Each structure stands twice: as C-alpha cells, then as structure tokens.
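# Notes for the structure review
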Amino acid sequence: MVNKVEKLKINYKTLEEFKKFKEYGHQELSMLEDLEANIVENDSDSPFYGLYFGDKLVARMSLYQVKKQFDRYFEPPQDYLELWKLEVLPNYQGKGYGKALVEFAKSYGLPIKTNPRVKSQDFWDKMGFTPVHYDVERDRGENPLVWYPAGVTEQVQ
Ligand SMILES: CC(C)(COP(=O)(O)OP(=O)(O)OC[C@H]1O[C@@H](n2cnc3c(N)ncnc32)[C@H](O)[C@@H]1OP(=O)(O)O)[C@@H](O)C(=O)NCCC(=O)NCCS
C-alpha cells in the first residue's frame, strides 16, 4: 500500500537519503552546503515531496510553481507547476509510487510541465501527459511534456 505524500524538510537525514537517487547533483549539494553554512535552518521546507516505506525514502519529486507572467506553455496563461526529478528507487518501481506522486501534483488543479528522462515515455503517457509543439527558442533542446486540467489548452507561440 502506498503511503501519504509528504513535503520533505531540508535536514541531514533527507540529504543522506537523496544520495540513493540517481539524479543527485547541484541542487542537492547546494542544499547540503546551505545547511552546513547555516544559510538554511535545519528542517526548513524543501521543494521536494516524497513517499516513505517505513522510514526509508523510496520516491521523490521536486515541484516548483512558475508564475503566470512567465507562462509560455498554457492558454489561458496562468501559474503552473514545473515537476522534475521524479524518481522511484529500483526495488520500489512498478508499485504505484510514481503514479501517487504525479497524482499529488495534479491535485493542485494547475497545469504541469515536466522534462522527462529517457525511456520514461510510456509512464508519462499513462499519466495523461502529452508533448507540446516544439519551439526552438522556448524549449532549447528539451522535450517538454505537459498535463492540462479541464479548460486549459496549449499556448500557440
Ligand atoms: C518512471 C518511474 C518514475 C515510474 O514510477 P513507478 O512507481 O515505477 O510507476 P508506477 O508503479 O506508479 O506506475 C504507474 C503506471 O505506469 C506504468 N509504468 C510505469 N513505468 C513504466 C514504464 N517504464 N513503461 C511502461 N509503463 C510503465 C505502470 O504499469 C502503471 O500502470 P497502471 O496504472 O495501468 O498499473 C520510475 O519507474 C522511475 O523512477 N524509474 C527510473 C528509471 C526510469 O526512468 N525508467 C524508465 C524505464 S527504463
């Protein structure tokens, strides 16, 4: 059974758990540095959400709300969610964790944009995400996938 999605706190335990994920990079390192330098407080909010199995973090994603004034994807222009770093640890894949995180993001009722990793296309298909018409200047080599809530369509560039 899949547990409740939790907003992750920035603390040493979370940052230690992040090391098990493949996409461990600048964002995680800079959170660790900020914690060590007391720039952020222990247990302050991070942009990450996660699912635990017992006390082990087994799935996570980052969600960031982009303001309407910067929206170049949706019609009518509006605040939307940028979803990235969705990842489920190998032994826990195919058990509904990925879906639970995406459904949590959808529950805000805002459009969602993501830039999927290779080979996850079928998963995003199932989650109802579709490609946008590629715009070289806007998308710059990304292949964004989006999810539209009712009443929202693609912004024509
Ligand atoms: C892609 C990823 C986020 C999906 O999360 P997950 O927890 O494994 O997926 P879920 O169990 O929530 O699956 C939700 C649905 O998508 C389907 N699905 C999941 N991964 C899939 C895949 N790679 N191909 C096809 N369908 C997939 C499931 O069958 C399920 O369908 P259902 O609702 O009809 O039962 C996760 O597997 C992951 O982090 N993978 C890392 C590596 C990667 O990107 N792999 C891609 C395949 S190589």
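Overview of the structure.

What counts, and at which threshold
Residues numbered from 1 in each chain as written. Predicted model: local features only at pLDDT ≥ 70, side-chain atom pairs only at ≥ 80, totals over all residues. Heavy atoms only, no water. Helix = DSSP H or I, 4+ residues; strand = E, 2+ residues; numbered from the N terminus. Rg over C-alpha atoms; globule rule 2.2 N^0.38 Å. Buried < 20%, exposed > 50% of the residue type's maximum accessible area, 1.4 Å probe, protein only. Contact = heavy atoms within 4.5 Å. Areas by Shrake-Rupley, 256 points an atom, 1.4 Å probe, with all protein chains shown as cover. Lys, Arg positive; Asp, Glu negative; His and termini not counted. Charge placed at Lys NZ, Arg CZ, Asp CG, Glu CD. Near = heavy atom within 4 Å. Polar contact = N/O pair within 3.5 Å; in protein donor to acceptor, adjacent residues only side chain to side chain. Nonpolar A, V, L, I, M, F, W, Y, C, P; charged D, E, K, R; others polar. Core = buried A, V, L, I, M, F, W, Y, C linked by side-chain atoms within 4.5 Å. Pairing = 2+ DSSP bridges. Right-handed = clockwise from strand over helix to strand, strands pointing away.

Next up on the list: the overall build of the protein. In terms of regular secondary structure, the protein is built from five helices and nine strands. Sequence-ordered secondary structure for the protein, helices as α and strands as β, is β-α-α-β-β-β-β-α-β-α-β-α-β-β. Over its C-alpha atoms the protein spans a radius of gyration of 16 Å, differing by no more than 12% from the 15 Å that the globule rule assigns to 157 residues. Expressed as lengths along the three principal axes of its C-alpha atoms, the size of the protein is roughly 45 × 35 × 25 Å. Classification of the 157 residues of the protein by burial places 44% in the buried group. Residue pairs at least 24 apart in sequence account for 63% of intrachain contacts in the protein once pairs closer than 6 positions are excluded. When the accessible area of the protein is evaluated, it comes to approximately 9,300 Å², of which 53% is carbon and sulfur surface. Charged side chains in the protein number 22 positive and 25 negative. The centres of these two groups are separated by 5 Å.

The full set close to the ligand counts 17 residues, and V88, G94, G96, G98 and K99 are the nearest of them. The backbone of V88 places a nitrogen or oxygen atom 2.8 Å from an oxygen atom of the ligand. Interatomic distance of 3.1 Å between a backbone N/O atom of K95 and an oxygen atom of the ligand. When isolated, the ligand has an accessible area of 860 Å², and the protein chains bury 68% of it. Of all the secondary structure elements, the ones that give two or more residues to the shell around the ligand are β5 (80-88), α3 (97-106) and α4 (121-126). Residues of the shell around the ligand, tallied by class, amount to five nonpolar, five polar and seven charged.

On to the nonpolar core, then. If you look at the biggest cluster of nonpolar residues, it comprises 36 residues, and the most contacted ones within it are M61, L83 and F129. Counting only elements with at least two residues in this core, the list comes to β1 (6-10), α1 (12-18), α2 (26-36), β2 (44-53), β3 (56-66), β5, α3 and β8 (145-147). Every residue in contact with M61, bar those within four places of it in the chain, is listed here: P47, F48, Y49, L83, W84, K85, L86, L101, F104 and A105. Membership of the second largest hydrophobic core comes to seven residues, among which are Y73, F74, Y80 and V146.

Further remarks concern the environment of E87. Locating E87 in the fold gives a position in strand β5. Along the chain, E87 and A59 lie 28 residues apart, while their C-alpha atoms are 5.7 Å from each other. In this view, E87 contacts F21, K22, E23, V58, A59, R60 and R117; residues no more than four positions away in its chain are not counted. Within polar-contact distance, the side chain of E87 engages the backbone nitrogen of K22 at 2.5 Å. Polar contacts involving the side chain of E87 include one to the main-chain amide nitrogen of E23, which spans 3.1 Å.

In this section: the pairing of β5. Here β5 lies mainly inside the structure; eight of its nine residues are buried. As defined by bridge partners, β3 adjoins β5 across seven bridges and the pair is classed as antiparallel. Residue pairing in the sheet places S62 in a bridge with W84 of β5. Running through α3, the crossover from β5 to the neighbouring parallel element strand β6 (residues 112-114) is right-handed.

Let's shift gears to unusual backbone geometry. The omega torsion across E75 and P76 is -5°, close enough to zero to call that bond cis. Positive phi values are uncommon outside glycine, yet K85 reaches one of about 60°. Topologically, K85 is positioned in strand β5. Given the relative accessible area of 13%, K85 is considered buried.

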